[in-house]
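Chains, contacts and geometry: an overview
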Amino acid sequence: MYLDIGNVLDTSPGITEQTLDRLDERVAIAHERIAEGMAAEEHGYAALNLPETVDTDEIRAAVEPFGTPEAVLTVGIGGSALGAATISAALADQTDVEAHFLDNVDPEDTAELLESLPLDETVVNVVSRSGTTAETLANFLVVREAMADAGVDWTDQTFVTTGDEGNLRNLADKHDLPSLKVPDGVPGRFSALSTVGLACAALQGLNIEGVIEGARSEMDKLSGSLEASPGYAYGAVAYALAERGALTNAMMPYAESLEYFAEWFAQLWAESLGKEGLGQTPARALGATDQHSQLQLYRAGPRDKLVTLVRPRQREDIDIPETDLEGLSYLGGAGLGDLLDAEFEATEASLAAEDRPNVRIEIDRVDAHGVGELLYAMEAATVMYGELAGVSTFTQPAVEWGKKAARGLLGGGEFQEAEAVADKREFTIE
Ligand SMILES: O=P(O)(O)OC[C@H]1O[C@H](O)[C@H](O)[C@@H](O)[C@@H]1O
């Protein structure tokens, strides 16, 4: 992965080269702490070991009984869906096996999806680290019934990834379902490079080994200097900018196949760093589409943003046909990819011309290696940011609060959080 931070130097907000030197000293200290955590396989830090600890042969063997299905339906939410979705979307051009995701409990959407799927040719990939998440288990119960209604034996077509305990583990044991274990010490949002994120890709026959090789290449760059590690450098620079008022980070890939990557990043960044009044709000954008909607704000709105532009250096192109239409002849002879690249550089320059901080992230191609690099580097960035900010990167108490309140409301136990729902203040206008 290549990182270019030239456009955060002396912007507004921005950092100077002297700041970067001071930051480098702090990165060295933070790296020592991270390396210690990795060596001791501490909760959270253990995720950065995944390129070494994940067993791709084990994942391949576990999904082998399913052969080549027509489709894979992943049922999960948050970290149990977004990593898999990112990898599948990035590599979609390399498989005929469709990937679908049920990561919400919208009844209309679920009904539509289930009607459209060839259920007798679909593998259901149920993923929950805790094995207790209400949305995931409710969706699975609905899918299971739809399969039974379609005359399909769901136990033949269900694959489970979960922890050692919990409802989902009990279900897998009871029906002797093929399953994988979520590795210890790896929080959901950091699990893309584990069984959690890779099972779906393996069911699709995708190159999971390549993803891990890409991640490995970024792991090898972790060191005590931000100048050697794109992941650390990105985290450190984003942190320094947030300290100076860049409280939003607009993640803007210039590739449709990386749209899910921005979504995955949003969870990673928000849930890990949004603590104790600190954090940086991730915004999701897509180039070039959002140049025509959000860019106005990024260039001329409040000076409270970092824009992160992501692109592959090479991509398959489609020629734009020559035309004699007046004013459009300049397009002929170029490719759609050339146009997208020109838009990328124009956006970068337009932000820089207004002294708006922006960072360029590039990978060679959107392929297994490239997506592995991106996933790992952003995880390393998140951990580095968390160390510098002094927050507990690997917890999510605010999310747990809402989970308990919802469970309480549904009669799933006594939770004092649910009582707070009755305290809602109303000021209704119709
Ligand atoms: O994998 P699960 O245990 O089902 O959890 C799914 C998601 O649940 C919660 O919302 C957590 O805050 C997320 O970090 C997690 O990814």
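Numbers given to residues run from 1 along each chain, matching the order in which its sequence is written. Under the rules for a predicted model, residues below a pLDDT of 70 receive no local features and side-chain atom pairs below 80 are neither given nor counted, while totals for whole chains, interfaces and linings still include all residues. Computation of side-chain values covers all heavy atoms of the structure but excludes hydrogens and water.

How we decide: UniProt positions are given in the numbering used here, feature names are shortened, and annotations may be inferred rather than shown by experiment.
Where an unreviewed UniProt entry is consulted, the protein appears under the name Probable glucose-6-phosphate isomerase, with the organism given as Halohasta litorea. Under the heading Sequence similarities (unreviewed entry), UniProt records this for the protein: "Belongs to the GPI family."

**A short note on the UniProt feature "active site" (unreviewed entry) in the protein**
Heads up, the condition is: A run of H or I in DSSP counts as a helix once it spans at least four residues, and a run of E counts as a strand once it spans at least two, with each numbered from the N terminus. The criterion used for residue contact is that any of the two residues' heavy atoms lie within 4.5 Å. In protein, a polar contact requires one atom able to donate a hydrogen and another able to accept it; more generally it is a pair of N or O atoms within 3.5 Å, and residues adjacent in sequence count only if both atoms are side-chain atoms.
Cross-referencing UniProt, the feature "active site" (unreviewed entry) maps to E271, H292 and K403 in the present numbering. Across 133 residues of sequence, these annotated residues are also dispersed in space, with a maximum C-alpha separation of 36.7 Å. Relative to the elements of secondary structure, E271 occurs in helix α11 (residues 259-273). Setting aside residues up to four positions removed in sequence, E271 forms contacts with R189, A266, T395, Q396 and V399. Within the structure, the side chain of E271 is placed 2.9 Å from the side chain of R189, a separation counted as a polar contact.

**Considerations on the side chain of T133**
Applicable threshold: Relative accessibility under 20% of the residue-type maximum defines a buried residue, over 50% an exposed one, and the middle range a partly exposed one, all with a 1.4 Å probe and only protein chains included.
Following the sequence through the fold, T133 ends up in the loop between β4 (122-128) and α6 (134-149). The exposure class assigned to T133 is buried, which follows from its relative accessible area of 8%. Side chain to side chain, T133 and S130 meet in a polar contact 3.4 Å long. At 3.5 Å, the side chain of T133 forms a polar contact with the side chain of K403. Residues contacting T133, with those up to four places away along its chain left out, are I77, S128 and K403.

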